[in-house]
Amino acid sequence: MKKGIHPENYRPVVFKDMSNGDVFLSRSTCATKETIEFEGQTYPLIKLEISNTSHPFYTGKSKLVDTAGRVDRFLSRYAKSRKQ
């Protein structure tokens, strides 16, 4: 590799998919204050909302992610307008 072109803080980091709990180790420069024990060592932790293990494109499954009941509220409003 060419010297002097990579950041100094490029290190191993654990990424955790919060939707299904899957974790994987990669290298990154992302800043974080959280750590996690992974395979007997402590690494910085980056939390993800979605990754390739939970994304519908990669899994082939259509998954509805509902945060704070937004979908339920929409469906109830839509049901009310359909009755009129």
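Visitor: So what's going on with unusual backbone geometry? Which residues, and what values?
Guide: When glycine is set aside, most residues are seen to have a negative phi, and most peptide bonds are trans. Notably, Glu39 is not glycine yet its phi reads approximately 55°, a positive angle. On the secondary structure map, Glu39 appears in the loop between strand E3 (35–38) and strand E4 (41–48).

Visitor: Before we move on, could you go through the pattern of salt bridges and cite the residues and values that matter?
Guide: For side chains of opposite charge, pairing can occur when their charged atoms come near one another. Applying the stated criterion across every chain, the model contains 1 salt bridge. Of the charged contacts, one joins Glu34 and Lys47 as a salt bridge, the two residues approaching to 3.2 Å between their closest N and O atoms. With a gap of 13 residues between them, Glu34 in the loop between strand E2 (23–28) and E3 and Lys47 in strand E4 connect regions that are remote in the sequence. Given a relative accessible area of 38%, Glu34 falls into the partly exposed group. We classify Lys47 as partly exposed; its relative accessible area is 43%.

Visitor: Provide a residue-level description of the sheet that holds strand E1 (residues 11–17), including the pertinent values.
Guide: Pairing is mixed in the open sheet, where 4 strands are placed in the order E2-E1-E4-E3. Strands with a single pairing partner mark the edges of an open sheet, and in this sheet they are E2 and E3. Sheet twist, expressed as the mean angle between neighbouring strand axes with direction ignored, is 50°. Where E3 lies against E4, 4 bridges are found, and the strand directions are antiparallel. Residue pairing in the sheet places Ile36 in a bridge with Tyr43 of E4.

Rules and cut-offs
- Residues numbered from 1 in each chain as written.
- Predicted model: local features only at pLDDT ≥ 70, side-chain atom pairs only at ≥ 80, totals over all residues.
- Heavy atoms only, no water.
- Helix = DSSP H or I, 4+ residues; strand = E, 2+ residues; numbered from the N terminus.
- Salt bridge = Lys/Arg side-chain N within 4 Å of Asp/Glu carboxyl O.
- Buried < 20%, exposed > 50% of the residue type's maximum accessible area, 1.4 Å probe, protein only.
- Pairing = 2+ DSSP bridges.
- Axes fitted to C-alpha atoms, helices over the stretch in contact; angles between N-to-C directions.

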